[in-house]
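Observations on the model geometry
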Amino acid sequence: MNAESLDGRLLFAIPKKGRLHEKCLELLAGADIQFRRHHRLDVCLVKNHPMALVFLPASDIPSFVGKGNVDLGITGHDVILEAKMEEHVTEVLQLNFGKCALQVQVPEAGSVKSVEDLAGKRVVTSFEVLAGEYFGKIDDSRNLMGEDRTKIEYVSGSVEAACALGLADGIVDLVESGDTMRAAGLHAISTILQTEAVLIKANSPKRQEHVSLINLITSRIAGVIAAGRYVVCEYNIPREKLRAASAVTPGRRAPTISPLEDENWLAVSAMVEKGRVALVMDELVRIGAEDVLIFNLDNCRV
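Okay, so let's go over this structure.

So, how was this worked out
- Residues numbered from 1 in each chain as written.
- Predicted model: local features only at pLDDT ≥ 70, side-chain atom pairs only at ≥ 80, totals over all residues.
- Heavy atoms only, no water.
- 1 Å grid on protein atoms, 1.4 Å probe; cavity = no way out; pocket = protein on both sides within 12 Å on 5 of 7 lines; lining within 4 Å.
- Points joined across faces, edges and corners; volume = space filled by probe spheres on them.
- Helix = DSSP H or I, 4+ residues; strand = E, 2+ residues; numbered from the N terminus.
- Buried < 20%, exposed > 50% of the residue type's maximum accessible area, 1.4 Å probe, protein only.
- Arc of directions from axis to C-beta.
- Contact = heavy atoms within 4.5 Å.
- Disulfide = S-S within 2.5 Å.

Taken as a whole, the largest pocket holds about 640 Å³ of empty space. As for the largest pocket, its lining consists of 23 residues, of which Arg-19, Ser-59, Val-79, Phe-127 and Leu-174 are closest to the centre. Breaking the lining of the largest pocket down by element, the ones donating at least two residues are helix H3 (77–82) and strand E9 (170–175). At three residues, the largest contribution of residues to the lining of the largest pocket is made by H3.

This brings us to empty space enclosed by the protein. Applying the stated rule across the entire model yields one cavity of 30 Å³ or more. Looking at the largest cavity, its volume works out to about 50 Å³. Lining the largest cavity, in full, are Val-65, Gly-68, Val-70, Asp-71, Ala-202, Pro-205, Lys-206, Arg-207 and Ile-214.

Attention now moves to helix H1 (residues 21–30). Along an α-helix, residues three or four positions apart point the same way, because every turn accommodates 3.6 residues. His-21, Cys-24, Leu-27 and Leu-28 are the residues of H1 that are buried. The buried residues of H1 occupy an angular sector of 115° when projected down its axis, which confines them to one face. Turned more than 90 degrees away from the buried face of H1 sit Glu-22, Glu-26 and Ala-29, all of them exposed. Buried residues along H1 sit in contact with strand E1 (10–15), strand E3 (51–56), strand E4 (72–76) and helix H7 (211–229). In the stretch just after H1, Asp-32 is the one whose phi turns positive, near 55°.

Counted under the stated rule, the structure contains zero disulfides. For the unlinked cysteine Cys-24, the closest cysteine sulfur is that of Cys-44, found at 13 Å. Under the relative-accessibility criterion, Cys-24 is labelled buried at 0%. Unpaired in terms of disulfides, Cys-100 finds its nearest cysteine sulfur in Cys-24, a separation of 13 Å. A relative accessible area of 7% means that Cys-100 is categorised as buried.

Put into structure tokens, the structure is as follows:
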């Protein structure tokens, strides 16, 4: 692998480890981006497209994309804000994984019950920028000055242990299920933001010749994401009950309706959100639908 082998190739940054890495690999496979990553190498060539994957720490990806060093990247929405790169990158797609909340957490048995109670005290976090901005506004609203303002201290990991070790009165950290925080005796008193993985590109791309490939990859990834969110619901319905059934399964634009040999019946096909499948099937049966079938999608373009 050398610099010449990357000439003319679109560069796509992927988190090299952590909570987003495995999901990103699944996404690349679903989009038919074929590659083989050699052990210990953080750059690999894609076999079926003129592009290369660059495996980077998720925290570095917004800067690499925003400065035009790479063309596309996947990282967390929170990481973009923490890197102060929101003015330099465009969030092209929300990827529907890596969802969590950046929260203020304090000891459940402690005296701090609100963020106003925490103002002026010690807060430990891996998100100095976001925590600083958040508590800066609270400090301003309470007219706290100098040494009376909230002290934000950075740690790179195991943030949830800071309170038990006497290092902090509260923390700011990402929370997914909340199990880790509860195990540490902490609970949330405020949510700073909701975040998830996003596909990003530079606001001012340096390589215009890659625009068409960027659009193609974006379309493929969007198809994989949509396929994960939707299923196809097919059923037969008496003609006089079509309006009621169509209201339950409107589809993304409109349901597909086909006549059956029995002119009193129609076949209907529509995309339905996965999370609503059971409710939709119950309602269709209640209306009078029969032969209700659900089909998973491997991929799609919507």
